[in-house]
Amino acid sequence: MGAEVVVEGLTKSFGNQAIWRDVTLTLPPGEVSVMLGPSGTGKSVFLKSMIGLLKPDRGRCVVNGVDIVTCSEAKLYEVRKLFGVLFQDGALFGSMNLYDNVAFPLREHTRKSEAEIKRIVLDKLELTGLQGAERKLPGEISGGMRKRAGLARALVLDPEIILCDEPDSGLDPVRTAYLSQLLIDLNAQIDATILIVTHNINLARTVPDNLGMLFRKELVMFGPREVLLTSDEPVVEQFLNGRRIGPIGMSEEKDAAQMAQEAAHAAAGHSDGSSEEDLRGIVAQLEPTPGLPERKAVRRRKDRVMQVLHSLPAAAREGIIASLTHEDRLRYGLTAPSPRPAHDDTQEIPVWPGGRP
Ligand SMILES: Nc1ncnc2c1ncn2[C@@H]1O[C@H](COP(=O)(O)OP(=O)(O)OP(=O)(O)O)[C@@H](O)[C@H]1O
Ligand SMILES: [Mg+2]
């Protein structure tokens, strides 16, 4: 199972520019999480801080008992081997072909033979749909291919934690759907802890177990996907629906006067070009490709979420309860065993352990 990452009170600024403060969250081991947030809110800075490439001002980021904010360089070097990172710009070496780029971490961090390295590199290139492109230089391939090569390189050391910074940027919708499936399949196969930063709403709605959002220099929320997907926080609603109307502006947050003016324009019938459809709500989560193992994270997450169910907002709670199978309900003691057939659980009345929350 992948490692747990515990972030506590993490705060980062550059000079007198505060980026975010007091970010506290836990990436549950082996689960998939997504971080959303408007451009410039510091998502990439957050990922880089998690692996010690940037130094936070204060706070902790603990991986396998090691706080990477305060540990020695030698320890940090060790802990970094647990991470596979896909940087936003792919960060490939321009003068190396794809094969050598993907082989680089293996040559740098392991004593594997070239034959072993070849097997692993070709395997990861195939996994990311790049077979045949081994000899190409990064400058000779498309942006989407560079992204996939970056992902292949992030996977070669069998990481326990995978960080992906906008893995879908530059990909067409079909490739993005394949990539979403790839991330879920990977999680099923290696049970790694995964954090994805993305602006892709469809990916955010269907892939992760947990969803969070950075806004106004703070973590607005982070928790089970059902919480953010049913949230009526204006900033979440605006972001999920990709609307202009709301607290997020082109360059930064809007002031009250600008929001009032936009609301007046909308009331006067000016279309902001977004669809009327509300994309909030819980949609089915992607499952691994048939034939692959089940994601072990699914059961662990259910157990974890059911323990904190009483502390979640009502809409999220209802969504989670509605998604439970009859067996789940029995497992969590939500129903008295029913004499009726197992397939008909529509009329069951939940019996809450310790009273209704
Ligand atoms: N090394 C650095 N030195 C100084 N400022 C930086 C550095 N890296 C990032 N910043 C600043 O931190 C802020 C957050 O940047 P970051 O790249 O994390 O945003 P982001 O949320 O990833 O945005 P996007 O969605 O556009 O990728 C920006 O104002 C950026 O200019
Ligand atoms: Mg970024």
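The rules behind these values
- Residues numbered from 1 in each chain as written.
- Chains lettered and ligands numbered in written order.
- Predicted model: local features only at pLDDT ≥ 70, side-chain atom pairs only at ≥ 80, totals over all residues.
- Near = placed C-beta within 6 Å.
- Helix = DSSP H or I, 4+ residues; strand = E, 2+ residues; numbered from the N terminus.
- Nonpolar A, V, L, I, M, F, W, Y, C, P; charged D, E, K, R; others polar.
- Domains from an automatic or database assignment.
- Contact = placed C-beta atoms within 7 Å.
- Buried ≥ 20, exposed ≤ 12 C-beta atoms within 10 Å, placed from the backbone.
- Pairing = 2+ DSSP bridges.
- Right-handed = clockwise from strand over helix to strand, strands pointing away.
- Axes fitted to C-alpha atoms, helices over the stretch in contact; angles between N-to-C directions.
- UniProt positions renumbered as here; feature names shortened; annotations may be inferred.
- Arc of directions from axis to C-beta.
- Parallel < 35°, antiparallel > 145°, perpendicular 65-115°, else oblique.
- Left-handed = near helix turned anticlockwise from the far one by under 90°.

1. Structural notes on the site of ligand 1
Neighbouring residues of ligand 1: Phe14, Ile19, Gly37, Ser39, Gly40, Thr41, Gly42, Lys43, Ser44, Val45 and Gln88. It is helix H1 (residues 43-50) that contributes the most residues to the shell around ligand 1, 3 residues altogether. When grouped by side-chain class, the residues that make up the shell around ligand 1 number 3 nonpolar, 7 polar and 1 charged.

2. Overview of the domain arrangement of the protein
Its domain assignment divides the protein into domain 1 (5-229) and domain 2 (234-267). Between the C-alpha centres of domain 1 and domain 2 there is a distance of 30 Å. Counting residues at the interface gives 8 residues for domain 1 and 7 residues for domain 2. Across the side of domain 1 that touches domain 2, the residue classes tally to 7 nonpolar, no polar and 1 charged.

3. Notes on the pairing of strand S8 (residues 193-197)
Among the 5 residues in S8, 5 count as buried, and that is most of the element. Of the two faces of S8, both are covered, the one formed by Thr193, Leu195 and Val197 as well as the one formed by Ile194 and Ile196. Pairing of strand S3 (residues 32-36) with S8 involves 4 bridges; the strand directions are parallel. From the neighbouring strand, valine 32 faces S8, where its bridge partner is isoleucine 194. Sheet topology places strand S7 (residues 161-165) next to S8; 5 bridges connect them, and they run parallel. Bridge pairing in S8 links leucine 163 to leucine 195. Following the chain from S7 across helix H6 (residues 173-190) to the adjacent parallel S8, one finds a crossover that is right-handed.

4. Remarks on the sheet that holds strand S6 (residues 83-86)
Hydrogen bonding along the main chain pairs the strands of a sheet, whether they run parallel or antiparallel. The strand order across the open sheet built from 6 strands is S6-S7-S8-S3-S9-S10, with neighbouring strands paired in mixed fashion. At either end of the open sheet lies a strand with only one pairing partner, and these are S6 and strand S10 (218-224). Strand-to-strand twist of the sheet, defined as the mean angle between neighbouring strand axes without regard to direction, takes the value 15 degrees. In this sheet, S10 lies alongside strand S9 (residues 210-215) in antiparallel orientation, the contact comprising 6 bridges. Pairing of leucine 211 across the sheet is with glycine 223, part of S10. Strand contacts of H1: S3, S7, S8 and S9, with the helix running at about 155 degrees to S7, the strand carrying the most contacts.

5. Structural notes on the UniProt feature "domain: ABC transporter" (unreviewed entry) in the protein
Annotation from UniProt places "domain: ABC transporter" (unreviewed entry) at residues 5-241. When the span residues 5-241 is considered, its composition is 39% helix and 26% strand, and the gap between its end C-alpha atoms is 30 Å.

6. Re the environment of alanine 18
Tracing the backbone shows alanine 18 in strand S2 (residues 17-27). Judged by the 13 C-beta atoms lying within 10 Å of it, alanine 18 is partly exposed. Each C-alpha atom of the pair alanine 18 and glycine 281 lies 33 Å from the other, and the pair is 263 residues apart in sequence. If near-sequence neighbours (up to four positions away) are discounted, alanine 18 is found in contact with Ser13 and Lys217.

7. Some words on helix H9 (residues 234-241)
Those residues of H9 that sit buried are Val235, Val236, Phe239 and Leu240. Angular distribution of buried residues about the axis of H9 spans 125 degrees; they occupy a single face of the element.

8. A short note on the packing of helix H3 (residues 98-109) against helix H5 (residues 143-155)
At their nearest, the axes of H3 and H5 sit 7 Å apart, and the two run at 30 degrees to each other. As the angle between them shows, H3 and H5 are arranged roughly parallel. Considering how the two elements wind past one another, H3 and H5 form a crossing that is right-handed. Across the interface between the two elements, Leu98, Asn101, Val102, Phe104 and Pro105 of H3 pack against Ala149, Ala152 and Arg153 of H5. A breakdown of the residues in the contact of H3 with H5 according to their chemical character gives 6 nonpolar, 1 polar and 1 charged.

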